[in-house]
Amino acid sequence: MPDSSLMLKLCNELDISVNELLSGEVIEKANYNKKAEQNLLGLAKLEEIQNKKMMMYEMVIGSLSTISFLALMFTLSLPTMKTMVRIIIFILAFLILILGISFALKIETETGYYECKKCHNKYVPKYLQVYFAMHCGTTRYLKCPKCHKRSWNKKIYY
Ligand SMILES: [Zn+2]
């Protein structure tokens, strides 16, 4: 599969349609719509698989950084540790937590979309909006860019 930014150029050069490129064959006029729908479904399926993969990465990164944070915080209770080491571990623990959560939220922002509860507008919010929004699981309290009302918006992955 060529890079999507090259597809149009390539198709013009080969004098074929994108539909034909995706199908890998010259398409008869009668089959054209059917082939186009098959290709669209295929692409949707591909995105669904990709989104599920990203969701898994998010969960792994989020969990690992939280567990590392808790483990490092636990080591601070050891009585024999020097103050300097204690401070370094304390800073390191927070760095790991913040980096992990930031990365996980970056994935969450870019995967799927949110649906406004009030006007049912589907949108992708800005990263900082996601970062600072109250949340319960993947449902976030966000301001809809269309109706500008705040509500608990559910994350939809596909
Ligand atoms: Zn709305």
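Everything quoted here is computed from the prediction, not taken from an experiment.

S.K.: Describe in detail the coordination of the zinc ion, supporting the description with residues and values.
M.R.: In the first shell of the zinc ion, the protein supplies Cys116 (SG), Cys119 (SG), Cys144 (SG) and Cys147 (SG), at 2.3 to 2.4 Å from the metal. Coordination at the zinc ion is tetrahedral: its four donor atoms span angles of 106 to 112 degrees at the metal. Positions of the donor residues of the zinc ion along the chain correspond to the pattern C-x2-C-x24-C-x2-C. You can see Cys116 sitting in the loop between strand E1 (113-115) and strand E2 (122-123) and its partner Cys147 sitting in the loop between strand E4 (139-143) and strand E5 (150-156), a full 31 residues away along the chain. Residue classification places Cys116 among the buried positions, given a relative accessible area of 0%.

S.K.: For the nonpolar core, give the residues involved together with the corresponding values.
M.R.: Listed in full, the eight residues of the largest apolar core are Leu105, Tyr114, Cys116, Tyr123, Val130, Ala133, Leu142 and Cys144. If we ignore the near neighbours within four places in the chain, the residues touching Cys116 are Asn121, Tyr123, Cys144, Cys147, Ser151 and Asn153.

S.K.: Quick rundown of the pattern of salt bridges? Include the residues and the values.
M.R.: Per the stated rule, a full pass over the model turns up four salt bridges. For Glu48, the salt bridge identified is with Lys52, shortest N-O distance 3.7 Å. Highlighted residues: Glu48 and Lys52, both in helix H3 (residues 32-75), separated by four residues, approximately one helical turn. Owing to a relative accessible area of 43%, Lys52 belongs among the partly exposed residues under this scheme. For Lys106, the salt bridge goes to Glu110, with nearest N and O atoms at 3.1 Å. Here Lys106 pairs with Glu110, and both are found in helix H4 (residues 83-110), just four residues apart, close to one helical turn.

S.K.: Just give me the short version of the packing of aromatic side chains, but keep the residues and values in it.
M.R.: Within this structure, the stated rule accounts for five aromatic pairs. Between Tyr127 and Tyr131 the ring centres are 5.7 Å apart and the planes differ by 75 degrees, which places this aromatic pair in the edge-to-face class. Taken together, the residues Tyr127 and Tyr131, both in helix H5 (residues 127-132) and four residues apart, mark about one turn of the helix. In this structure an aromatic cluster arises from ring pairing among Phe69, Phe90 and Phe94. One residue, Lys106, lies across the ring of Tyr127, its end atom 5.2 Å from the ring centre.

S.K.: With reference to specific residues and values, describe the sheet that holds E4.
M.R.: In space, the five strands of this open sheet follow the order E2-E1-E5-E4-E3, with antiparallel pairing throughout. Single-partner strands in this sheet number two, and they are E2 and strand E3 (135-136). Bridge analysis of E4 against E5 gives four bridges, and the strand direction is antiparallel. Each residue of the ladder has a partner; that of Leu142, found in E5, is Ser151.

S.K.: Describe the layout of surface pockets, with residues and values.
M.R.: Computed from the structure, the largest pocket encloses a volume of approximately 320 Å³. As for the largest pocket, its lining consists of 15 residues, of which Glu58, Met59, Gly62, Ala104 and Glu108 are closest to the centre. When residues of the lining of the largest pocket are traced back to their parent elements, those giving at least two are H3 and H4. Per element, the largest residue contribution to the lining of the largest pocket is six residues, and it comes from H3. Taken together, the residues of the lining of the largest pocket sort by class into six nonpolar, six polar and three charged.

Here is what the cut-offs are and how they apply
- Residues numbered from 1 in each chain as written.
- Predicted model: local features only at pLDDT ≥ 70, side-chain atom pairs only at ≥ 80, totals over all residues.
- Heavy atoms only, no water.
- Donors = N, O, S within 2.8 Å, 3.2 Å for Na, K, Ca; no water.
- Tetrahedral: all angles 85-135°; square planar, octahedral: opposite > 155°, others 65-115°.
- Helix = DSSP H or I, 4+ residues; strand = E, 2+ residues; numbered from the N terminus.
- Buried < 20%, exposed > 50% of the residue type's maximum accessible area, 1.4 Å probe, protein only.
- Core = buried A, V, L, I, M, F, W, Y, C linked by side-chain atoms within 4.5 Å.
- Contact = heavy atoms within 4.5 Å.
- Salt bridge = Lys/Arg side-chain N within 4 Å of Asp/Glu carboxyl O.
- Phe/Tyr/Trp six-rings, centres within 6.5 Å; stacked < 30°, edge-to-face > 60°.
- Lys NZ or Arg CZ within 6 Å of the ring centre and 35° of its normal.
- Pairing = 2+ DSSP bridges.
- 1 Å grid on protein atoms, 1.4 Å probe; cavity = no way out; pocket = protein on both sides within 12 Å on 5 of 7 lines; lining within 4 Å.
- Points joined across faces, edges and corners; volume = space filled by probe spheres on them.
- Nonpolar A, V, L, I, M, F, W, Y, C, P; charged D, E, K, R; others polar.

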